[in-house]
Amino acid sequence: MNEQIQQKTIDLARGLFLVRYNGAEDKTSPPVVRVYADRASANNCNIITGPDGANGTLFAPETALVVSVARPSRLIVEVTAGRAGASTAANIKIEPLTQGQPAAQPASQPFDTDEPDPGLDRGELSDLKLLAHVAGLGDVTVGPNTWIAGPAAPARIEGISLDWPNKPYDLNLQYAVKFARPQRGDNQFVPLGTFAGTRGRALAITGFSLEATGPGADRYTIAAETIFLGAPALRVTGNRIVVAGPSGREPLVGLKLSVEEQRVQAAPLAPRQPRRAEPVAPMPRQEAPRLEGRVRVFRSRQSAVKTAG
């Protein structure tokens, strides 16, 4: 390997990590640190930098970037000397970031009858992740109801990928992208976890389709907000959505997605009619009275036990 370039490979588990460039031996011309995923991990490992930063590159000590790992991935840290003959010695630290775990709900808490059966695994709607390759930024990953590019910082979106580790067992998603000029894979649906679009070719997406499939698809609604260059923001909902600009050729410069479970309202109970008193005939003395009663069965509600994942 070139003495001016040093590389180290690091295996990362699923999670969020801070890559910090702490210091360098050469103070005058410190080496440049570049962080990127190897070829096999490209769709599962995303590098997040500031809006004006170079994707995956740290130019000096006291800088940092974030790596989001959807599935176990291999990260490559490459250090290049700042000038010919200079040192490549650098201190780089990778720290896991965590948001903690939610507190467990009390076991005695009752559940509403219009909620899903707690005995079935419905998945976590908040686990949906949207990755987009954005011009000038590289790969950016967000959760549901969060803009990529969008009103505050519109930028061309050139490719997308959806990941949902804990999706509902009875729901699947497939999606497709479209370009102004026909490309390979143009407007063809792909499954979750597949990157649709391009990287580094300056080809903006001009159309986007997303479809819910599976036995439980009717219970869920897709909500998408999009901005196409020169057009106002558009919100669409449904089991299948198709979005594009006014002419079908405007670049997509903002995208926000979520999946919501439809709540079925229980039918109101009919008011109970008052019972009319019926006259009671006198009972003969020679007969013992017969006691007749009505048995009412009350079905108790079970308590749901919610455990923090």
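Residues numbered from 1 in each chain as written. Predicted model: local features only at pLDDT ≥ 70, side-chain atom pairs only at ≥ 80, totals over all residues. Heavy atoms only, no water.

Caption draft 1: Here's a closer look at the overall build of the protein. Across its full length, the protein carries 0 helices and 20 strands. Sorting the 309 residues of the protein into buried and exposed places 36% on the buried side. Considering only residue pairs separated by 6 or more positions, the protein has 73% of its internal contacts joining residues 24 or more positions apart. (Helix = DSSP H or I, 4+ residues; strand = E, 2+ residues; numbered from the N terminus. Buried < 20%, exposed > 50% of the residue type's maximum accessible area, 1.4 Å probe, protein only. Contact = heavy atoms within 4.5 Å.)

Caption draft 2: Focus on the sheet that holds strand E12 (residues 157–163). Judged by pairing direction, the sheet is antiparallel, and its 4 strands sit side by side in the order E10-E9-E12-E15 without closing on themselves. Two strands lie at the open edges of the sheet, namely strand E10 (138–142) and strand E15 (196–197), each paired on one side alone. In the sheet, strand E9 (residues 129–134) pairs with E12 via 6 bridges, with the strands oriented antiparallel. Paired with leucine 131 across the two strands is serine 161, which belongs to E12. (Pairing = 2+ DSSP bridges.)

Caption draft 3: Quick look at the nonpolar core. Counting residues in each nonpolar core, the largest one holds 36 residues, and the members touching the most others are Ile157, Ile160, Phe208 and Leu210. Listed by contribution, the elements that provide at least two residues to this core are E9, E10, E12, strand E13 (172–179), strand E16 (205–213), strand E17 (220–228), strand E19 (240–244) and strand E20 (252–261). Residues in contact with isoleucine 157, not counting those within four places in the same chain, are Ala132, His133, Val134, Ile148, Ala204, Ile205, Leu252, Val253, Gly254 and Leu255. Grouped together as the second largest cluster of nonpolar side chains are 17 residues, Cys45, Leu65, Val67 and Val69 included. (Core = buried A, V, L, I, M, F, W, Y, C linked by side-chain atoms within 4.5 Å.)

Caption draft 4: Representation of a positive patch on the surface in the model. Together, Lys178, Arg181, Arg201 and Arg249 make up a region of like positive charge exposed at the surface. Residue placement: arginine 201 occurs in the loop between E15 and E16. (Patch = residues over 30% accessible without salt bridge, like charges linked within 9 Å, V, L, I, M, F, W, Y side chains within 5 Å. Areas by Shrake-Rupley, 256 points an atom, 1.4 Å probe, with all protein chains shown as cover. Salt bridge = Lys/Arg side-chain N within 4 Å of Asp/Glu carboxyl O. Lys, Arg positive; Asp, Glu negative; His and termini not counted. Charge placed at Lys NZ, Arg CZ, Asp CG, Glu CD.)

Caption draft 5: Quick peek at the sheet that holds strand E1 (residues 5–12). Reading across from one edge, E1-E7-E3-E5 is the order of the 4 strands in this open sheet, with antiparallel pairing throughout. With one partner strand each, in any of the chains shown, E1 and strand E5 (57–58) form the two edges of the open sheet. For E1 and strand E7 (residues 73–80), the ladder comprises 8 bridges, and the chain directions are antiparallel. The partner of glutamine 7 across the bridge, within E7, is glutamate 78.

Caption draft 6: Representation of the environment of glycine 238. Inspection of the secondary structure assignment puts glycine 238 in strand E18 (residues 234–238). Placed 20 residues apart in sequence, glycine 238 and aspartate 218 show a C-alpha to C-alpha distance of 9.3 Å. Apart from the residues lying within four places of it in its own chain, the contact partners of glycine 238 are Thr221 and Ile222.

Caption draft 7: Here's a closer look at the pairing of E16. Among the 9 residues in E16, 8 count as buried, and that is most of the element. The pairing of E13 with E16 spans 8 bridges and is antiparallel. The residue of E16 that forms the bridge with tyrosine 175 is leucine 210. Examined bridge by bridge, E16 and E19 share 5 bridges and lie antiparallel to one another. Within E19, the residue paired with glutamate 211 across the bridge is arginine 240.

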